[in-house]
Structure formats: structure tokens, C-alpha cells
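Analysis of the macromolecular model
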Amino acid sequence: MTSSPAMPGSAIEAHLLLVEDDEVIRNTVRMLLDRYGFTVSTAADGLTGLELFRERRPDLLLLDVMLPELDGIGLCRRIRELSLAPILMMSARGDALDVVSGLEAGADDYVIKPCESAVLVARIRSLLRRASFTPSPAGGAADTATLTFGDLTIDTRGMEVHRAGQPLALTPTELRMLLEFAASPGVVLERRTLLSRVWDHAWHGDTRVVDLHVQRLRTKIGAERIETVRGFGYKLRR
């Protein structure tokens, strides 16, 4: 991680699990996160990371893509079988394949190493806010406790989603995205709008993260429920 002159903001009490095989990077990131008030556990390989996750159940995971024993993509998939905890992938190469594979495996976001310390911490805080998100009682989807779109039912107060009466396990990111769509059914939301509202990425131009999450959301709520409007974005069908 590259240094930044920005001073730490208010601390967020959270336990993070960092899985990174490069000792220098692992120690640097751990010390950075310590500075910002996070509790950090570390592992140098994927299998140890999986064991620590099962033991300690952290609030958020930072996973390097290239790991010994079990790579970051495989570890991400294993974590998703057990938990909906936010996952931030870290890739040194920034290859499109790395990014797509990580998001398809269930990651919520990614950063390219090296990155500014302030950017990394901002991404972590954004994911933690999303995981503890509660809709505002004023405006948008929260005006009505239960919203129905075909066989899809969204309880905006209980933060539960059912399809054909069966509960759906949505990650915090998927739920936030669905609530954005549900707040404006039939209205096209541009990718950059979703990036800003769901990920807080006002500075990030890569919209692949939006496309991959739409794909994942479609597999859970029904492919026909979210329509692609080519050249513009996506909309939730009424």
C-alpha cells in the first residue's frame, strides 16, 4: 500500500481478517489498519485464512488473489458457502480475469495493489456501512414496509427478501442494490449511479463491479426481473 498524508478518521469497531502471502505487504496493511482502530487477524495462505475465519468470524475479509495452498478466488467461494460477510479482493495485476473471477466468486469489491491507504480504508468503511445498513424511514423503498414485484417480496424494515415464499440469502451489497432498484421500479439506473449509491465509488471509473453484481442478483431473484437497457443501465421490472 502506498502512503497517504491523510490522517485517520473516526475509528469503526470491526474485526478484519487479512489473508496475504507477502510478509511485507501483510505487515504494512496490518499496521495501517491498526492505526485506523481496526482489530486485525492475519494469515499467509488460503487454508490458514479459512481456518481463522471459522474460528473468529471476522466482520470483513481482505483476500489477496494469489495465495498458496488455496488461492483467493477459491477461498472467497468457500467463505461464501459459510457467510455473507463483506469480502474485499486485492489484486496485484489488475487483470480483468482476476477482477471478474473474484466478483463472480462472491466478493463485494476489489482494489488493485498498490493503492493509497486512504482509498483502502474508505473501501473497507464503505463495506462495513453496507453490512450494517438500515433504510431511512423517510423516502424511497422504506415508505412501504413490504414491496412486491411478481413473486419477489421485499421487507424493507426486516431487511428480508423472499421469492415465491422462499427466503433469499443476499449479501449486503446485493441487498443494497436491490433496494436501490426497488425504490425506483421501472426507472433506468445508470451504472455510475449504482456505483455511487451502493459502493460509494465517486472516484472509481470501473463499472464491471456493477455488472457482475447484477448478474449475481439475477440468479437469485430471477433473470427476467432486472432488465438491461443497452447503453444506459438497468431497471427493475414492475
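Just so it is clear, the structure is predicted and the values come from calculations on it, not from any experiment.

Here's the deal with the environment of Ala107
Tracing the backbone shows Ala107 in the loop between helix 4 (96–104) and strand 5 (109–112). According to the relative accessible area criterion, Ala107 is buried, its value standing at 0%. Between the alpha carbons of Ala107 and Arg77 there is a distance of 8.6 Å; along the sequence they are 30 residues apart. Setting aside residues no more than four positions away along its own chain, Ala107 makes contact with Cys76, Ile87, Met89, Gly102, His213 and Arg216.

Some remarks on the packing of helix 4 against helix 8 (residues 208–221)
Contact geometry for helix 4 and helix 8: axes closest at 9 Å, N-to-C directions at 35°. Pair helix 4 / helix 8 crosses with right-handed handedness. Every residue of helix 8 that contacts helix 4 at Ala96, Val99, Val100, Leu103 and Glu104 is listed here: Arg208, Val209, Leu212, His213, Gln215 and Arg216. Counted by class, the contact of helix 4 with helix 8 contains 6 nonpolar, 2 polar and 3 charged residues.

Quick notes on the pattern of salt bridges
The full count for this structure, using the stated rule, is 12 salt bridges. The salt bridge involving Asp108 is made with Arg80; its shortest N-O contact spans 2.9 Å. Taken together, the residues span a long stretch of sequence, with Asp108 in the loop between helix 4 and strand 5 and Arg80 in helix 3 (residues 72–82) at a distance of 28 residues. As a salt-bridge pair, Arg129 and Asp200 come within 2.8 Å of each other at their nearest N and O atoms. Of this pair, Arg129 sits in helix 5 (residues 117–131) while Asp200 is found in the loop between helix 7 (191–199) and helix 8, placing the two residues 71 residues apart along the sequence. When its relative accessible area of 30% is taken as the criterion, Asp200 is described as partly exposed. Salt bridges sharing partners connect three or more residues here, namely Glu20, Asp64 and Lys113.

Cut-offs and rules
- In this numbering scheme, every chain counts its residues from 1 along its sequence in written order.
- Since the coordinates come from a predicted model, pLDDT governs what is reported: local features require at least 70, and pairs of side-chain atoms require 80 or more to be given and counted, while whole-chain, interface and lining totals use all residues.
- To obtain the side-chain values, all non-hydrogen atoms of the structure were used and water was disregarded.
- Secondary structure elements follow DSSP: runs of H or I of four or more residues count as helices, runs of E of two or more count as strands, with numbering from the N terminus.
- The rule is simple: take the accessible area with a 1.4 Å probe, protein chains only, and divide by the maximum for that residue type; under 20% is buried, over 50% is exposed, in between is partly exposed.
- Contacts are assigned to residue pairs with any non-hydrogen atoms lying within 4.5 Å of each other.
- Under this scheme, a helix contributes an axis fitted over its contacting stretch, all axes are lines through C-alpha atoms, and angles between N-to-C directions fall in the 0 to 180 degree range.
- Two helices crossing with the near one rotated counterclockwise from the far one by less than a right angle form a left-handed crossing, whereas a clockwise rotation gives a right-handed crossing.
- Side-chain classes follow a simple rule in which Ala, Val, Leu, Ile, Met, Phe, Trp, Tyr, Cys and Pro form the nonpolar group, Asp, Glu, Lys and Arg form the charged group, and the remainder, Gly included, forms the polar group.
- Any carboxyl oxygen of Asp or Glu within 4 Å of a side-chain nitrogen of Lys or Arg constitutes a salt bridge here.

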